[in-house]
Amino acid sequence: LGNIFRNMVKKSYINEELSLYKRMKSTFLPLFVCMIILFTIVAAFNGKMNWFVYLILICCYTIAFAILTYFKTKSYIYAVHINEEKLTINGQIFNSKWTENVEINNLKLELKGEAQGRGHSEYVLILKSRDKKYKINSLYNWDYFKLLELFKELKMVKGEKIILDEKFLMERIEKKALDYS
């Protein structure tokens with residue numbers, strides 16, 4: 001009965017499709033604004049600082065942040081479809097769309113929290129196959145309830161139980177989704 005139920009599963013988890021420009025803008029702009037404010041405050045309270053040095057520092061940090069943002073946002077997964085025992089993953093590299101089919105039984109699932117500063121974490125779902133690794137929610141813009149539902153569904157299709165560590169992490173993700181953390 002379990003195998004019959006597993007073969008009938010057909011679900012889709014879809015997030016917003018974003019262009020490379022929108023992905024970079026949403027990631028780079030907040031960092032850039034914070035950096036400009038920080039440097040301006042430091043320059044205002046440090047009367048000895050040369051404005052030329054200030055501009056050079058801003059240019060160097062801007063270039064460094066732009067390069068880091070570019071590598072973080074170049075690849076993006078926006079849809080996952082479960083169809084029988086296959087998983088179809090839709091994403092973009094730069095602005096080129098791609099689709100890959102992976103057998104669910106060959107995947108290793110991992111929920112992971114990524115620290116974003118003191119007391120602040122964002123969560124991702126990592127799917128590992130033999131030769132590839134897929135990171136869902138790498139831009140932290142997926143709905144956490146959708147992410148949890150996808151994780152539970154994949155566990156069910158694989159016939160795996162959710163272990164204690166995963167339950168703990170799932171509780172933290174639910175709290176984050178409900179804005180309790």
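Computed from a prediction, not measured in an experiment: that's the story for all the values here.

Participant: What is the right way to look at the overall build of the protein chain in this model?
Facilitator: Helix and strand content of the protein chain: five helices and seven strands. If you list the helices and strands of the protein chain from N to C, you get α-β-α-α-β-β-β-β-β-β-α-α. Against the globule reference of 16 Å for 181 residues, the protein chain gives a C-alpha radius of gyration of 20 Å, more extended than a compact globule. In terms of its C-alpha atoms, the protein chain occupies a principal-axis envelope of roughly 75 × 35 × 25 Å. Looking at the protein chain as a whole, 35% of its 181 residues qualify as buried. Of the contacts formed within the protein chain by residues at least 6 apart in sequence, a portion of 54% connects residues at least 24 apart.

Participant: Could you clarify how one ought to interpret the side chain of Lys155 in this entry?
Facilitator: Mapping Lys155 onto the fold places it in helix α4 (residues 144-158). When near neighbours in sequence (up to four residues on either side) are disregarded, Lys155 contacts Leu109, Glu160, Lys161, Ile162 and Glu166.

Participant: Explain the packing of helix α2 (residues 20-45) against helix α3 (residues 51-73) here, please?
Facilitator: What describes two packed helices is the angle between their axes and the distance between those same axes. For the pair α2 and α3, interaxial distance at closest approach is 9 Å and the crossing angle is 155°. It follows from the interaxial angle that α2 and α3 lie roughly antiparallel. Handedness of the crossing formed by α2 with α3: right-handed. Here Leu20, Arg23, Met24, Thr27, Phe28, Leu31, Phe32, Met35, Ile36, Phe39, Thr40 and Ala43 of α2 come into contact with α3, specifically with Trp51, Tyr54, Leu57, Ile58, Tyr61, Thr62, Phe65, Ala66, Thr69, Tyr70, Lys72 and Thr73. Of the residues contributing to the contact of α2 with α3, the split by class is 17 nonpolar, five polar and two charged.

Participant: Help me understand α2 in this model?
Facilitator: At 3.6 residues per turn, the α-helix brings residues three or four places apart onto the same side. Over its 26 residues, α2 runs 37 Å from end to end, which matches the ideal 38 Å to within 8%, given 1.5 Å per residue. Within α2, the full set of buried residues consists of Leu20, Arg23, Thr27, Phe28, Met35, Phe39 and Ala43.

Participant: Sorry if this is basic, but what is going on with the sheet that holds strand β2 (residues 75-83) here?
Facilitator: Backbone hydrogen bonds are what pair the strands of a sheet, in a parallel or an antiparallel way. As summarised here, the arrangement of the four strands in space is β1-β2-β3-β4, forming an open sheet in which the pairing is antiparallel. The outermost strands of the open sheet, each flanked by one partner alone, are β1 (10-14) and β4 (96-103). In this sheet, neighbouring strand axes are inclined to one another by 20° on average, regardless of whether the strands run parallel or antiparallel. With eight bridges joining them, strand β3 (residues 86-93) and β4 adopt antiparallel strand pairing.

Reading guide: rules and limits
- Residues numbered from 1 in each chain as written.
- Predicted model: local features only at pLDDT ≥ 70, side-chain atom pairs only at ≥ 80, totals over all residues.
- Heavy atoms only, no water.
- Helix = DSSP H or I, 4+ residues; strand = E, 2+ residues; numbered from the N terminus.
- Rg over C-alpha atoms; globule rule 2.2 N^0.38 Å.
- Buried < 20%, exposed > 50% of the residue type's maximum accessible area, 1.4 Å probe, protein only.
- Contact = heavy atoms within 4.5 Å.
- Axes fitted to C-alpha atoms, helices over the stretch in contact; angles between N-to-C directions.
- Parallel < 35°, antiparallel > 145°, perpendicular 65-115°, else oblique.
- Left-handed = near helix turned anticlockwise from the far one by under 90°.
- Nonpolar A, V, L, I, M, F, W, Y, C, P; charged D, E, K, R; others polar.
- Expected span 1.5 Å × (residues − 1).
- Pairing = 2+ DSSP bridges.

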